Amino acid sequence: MTGWTADCIPGQHGRVAVVTGANSGLGLVTATELARHGAHVVLAVRDTAAGEQAARRIDGDTEVRELDLASLDSVRTFAAKLVVDHPAIDLLVNNAGVVLLGPRRTSADGLELQFATNVLGHFALTGLLLDNLAAAREARVVSLSSITHRNAHLDFGDLMFERGYRATTAYGRTKLATTIFGRELDRRLRAAGSPVVSVLAHPGITRTNLTPRAWEHRGRAGRVIARIGLLATQPVERGALPQLYAATAPGVQGGQFFGPAGFGEIRGRVTEARLNPDAADPAIGKRLWAAAGELTGVSYL
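Predicted, not measured: the structure shown is a model, and the values here were computed from it. (Residues numbered from 1 in each chain as written. Predicted model: local features only at pLDDT ≥ 70, side-chain atom pairs only at ≥ 80, totals over all residues. Heavy atoms only, no water.)

### Quick word on helix 2 (residues 48-57)
Step number 1: For helix 2, the complete set of buried residues consists of G51, A54 and A55. Along helix 2, the residues classed as buried sweep out an arc of 105° about the axis, all on the same side. Facing away from the buried side of helix 2 by over 90 degrees, the exposed positions are A49, R56 and R57.
Step number 2: In this structure, the buried side of helix 2 is in contact with helix 1 (25-36), strand 2 (40-45) and strand 3 (61-66).
Step number 3: N-capping of helix 2 is provided by D47, with a side-chain oxygen placed 3.1 Å from the backbone N of A49. (Buried < 20%, exposed > 50% of the residue type's maximum accessible area, 1.4 Å probe, protein only. Helix = DSSP H or I, 4+ residues; strand = E, 2+ residues; numbered from the N terminus. Arc of directions from axis to C-beta. Contact = heavy atoms within 4.5 Å. Polar contact = N/O pair within 3.5 Å; in protein donor to acceptor, adjacent residues only side chain to side chain.)

Quick look at the structure:
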């Protein structure tokens, strides 16, 4: 992996890639590089006007489709149309996410908004697209984790964080849950003899639009905090490399987890990342899978 850059991405001609949250930040860089190397990229975005604007900036074959991961109805509608138009899907990058540092909020389905968006929407989407992924040759699902997952623990008695809500803790839990999901998905795919591979990546600390948005509730003080935070980040083009590697590099194995190699995995070249032991625990994976299936009404594997 030493020296791996986006220029190392193999040709993606003839492949269909779906990238959630592809209108900005890590998702936009990921979509841009996949399209630049020949993939047909579906920009799955909540704001289609922003998605169309992003698509015009991409040199390659793209389409824009509406997807609000915080709404299970939206996830089902998106998937139902996509599977008809694209019988084989080669790559699903579960990139989209929200960081909300204000008071607790809920989704259209009454679920804690960060968990609904970052975890449950992607769990449902993956299940609804799985047959089409299995129809492709060497398909991959890439789920985006975070270094914040390392110190998190799930409370299965209060997954929706209705008691003693703390936004930063809630966000860390969503990223741990995402990591658990990616590993459990890999276990289940292998047990089912599926050709689909599930891998994980995290971007270290990267300069995206999530940082300023996270502090919007603090007004002027929040804007100052966000600007200071941005100084410690790496460029988004570098932050996207772990997920691009996970999505495209030859020889990637199911269950692998990639991130930056620098101190604390904050920045640097792509390497294998450190995993929270909870994410590697099959019992925890099984428990989260059951809970996600119940909360979304989507059952698979």
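### Points about the pattern of salt bridges
Step number 1: If you walk through the whole model with that rule in mind, you get 10 salt bridges.
Step number 2: Here D155 and R163 are joined by a salt bridge, their closest N and O atoms 3.9 Å apart.
Step number 3: Residue R163 is classed as exposed on the basis of its relative accessible area of 53%. (Salt bridge = Lys/Arg side-chain N within 4 Å of Asp/Glu carboxyl O.)

### Focus on the packing of aromatic side chains
Step number 1: The tally for this structure, following the rule as stated, stands at eight aromatic pairs.
Step number 2: When the centroid spacing of 5.0 Å and the interplanar angle of 75° are considered together, the rings of F123 and W289 count as edge-to-face. Residue F123 is located in helix 4 (residues 113-134), and its partner W289 is located in helix 10 (residues 282-296); the two are separated by 166 residues in the primary sequence. Take F123 and W289: they sit in the same class, and that class is buried.
Step number 3: Within the aromatic cluster, the residues linked to one another by ring pairs are F123, F181, W289 and Y300.
Step number 4: The side chain of R173 reaches across the aromatic face of F161, ending 4.1 Å from its centre. (Phe/Tyr/Trp six-rings, centres within 6.5 Å; stacked < 30°, edge-to-face > 60°. Lys NZ or Arg CZ within 6 Å of the ring centre and 35° of its normal.)

### Focus on unusual backbone geometry
Step number 1: The backbone of F161 sits at a positive phi, close to 50°, despite the residue not being glycine.
Step number 2: The topology assignment puts F161 in the loop between strand 5 (140-144) and helix 5 (167-191).
Step number 3: Here F161 falls in the buried class, since its relative accessible area comes to 4%.
Step number 4: The backbone phi angle of L301 is positive, close to 55°, even though this residue is not glycine.
Step number 5: Residue placement: L301 occurs in the segment after helix 10.
Step number 6: For L301, a relative accessible area of 40% corresponds to the partly exposed category.

### Regarding the sheet that holds strand 1 (residues 16-20)
To summarise the sheet geometry, strands pair through backbone hydrogen bonds and adopt either a parallel or an antiparallel arrangement.
Step number 1: Judged by pairing direction, the sheet is mixed, and its eight strands sit side by side in the order 3-2-1-4-5-6-7-8 without closing on themselves. If you trace the sheet from one side to the other, it starts and ends with strand 3 and strand 8 (270-272), each paired once. Pairs of neighbouring strands in the sheet enclose a mean axial angle of 20°, with direction left out of account.
Step number 2: Its contacts with the sheet place helix 9 (residues 241-248) against strand 4 (91-94), strand 5, strand 6 (197-201), strand 7 (257-260) and strand 8, and it is angled at close to 165° to strand 5. (Pairing = 2+ DSSP bridges. Axes fitted to C-alpha atoms, helices over the stretch in contact; angles between N-to-C directions.)

### Let's talk about the confidence of the model for the protein chain
Step number 1: Averaged over the protein chain, the pLDDT score is 92; the fraction of residues at 70 or greater is 91%.
Step number 2: Counted against residues more than four places away or in other chains, residues 221-226, with its pLDDT under 50, gives six contacts. (pLDDT = per-residue confidence, 0-100.)

### Comments concerning the nonpolar core
Step number 1: Counting 46 residues, the largest nonpolar core has V18, F78, F115, L125, L129, L133 and Y300 as the members making the most contacts within it.
Step number 2: Elements that contribute at least two residues to this core include exactly strand 2, helix 3 (72-85), helix 4, helix 5 and helix 10.
Step number 3: If you tally residues by element for this core, the top one is helix 4, at 10 residues.
Step number 4: Apart from the residues within four sequence positions on either side, V18 is in contact with V42, A44, F78, L82, I89, L91, L92 and V93. (Core = buried A, V, L, I, M, F, W, Y, C linked by side-chain atoms within 4.5 Å.)

### As for the environment of G121
Step number 1: In this structure, G121 sits in helix 4.
Step number 2: Distance from G121 to A96, taken between C-alpha atoms, is 9.7 Å for residues 25 residues apart in sequence.
Step number 3: Once you skip the residues sitting within four places of it in the chain, G121 turns out to touch L69, V75 and A116.

### Details of helix 5
Step number 1: With 25 residues, helix 5 should cover 36 Å at 1.5 Å per step; its first-to-last C-alpha distance of 36 Å lies within 8% of that length.
Step number 2: In terms of residue burial, helix 5 counts as a mostly covered element, since 19 of its 25 residues are buried.
Step number 3: G193, located one to two residues past helix 5, shows a positive phi value of around 70°. (Expected span 1.5 Å × (residues − 1).)

### Focus on the environment of A35
Step number 1: Position of A35 relative to the elements: it lies in helix 1.
Step number 2: Given the relative accessible area of 5%, A35 is considered buried.
Step number 3: Between the C-alpha atom of A35 and that of A17, which follows or precedes it by 18 residues, the distance is 8.8 Å.
Step number 4: Ignoring any residue separated from it by four or fewer positions in sequence, one finds A35 in contact with V41, I58, D59, G60, D61 and T62.

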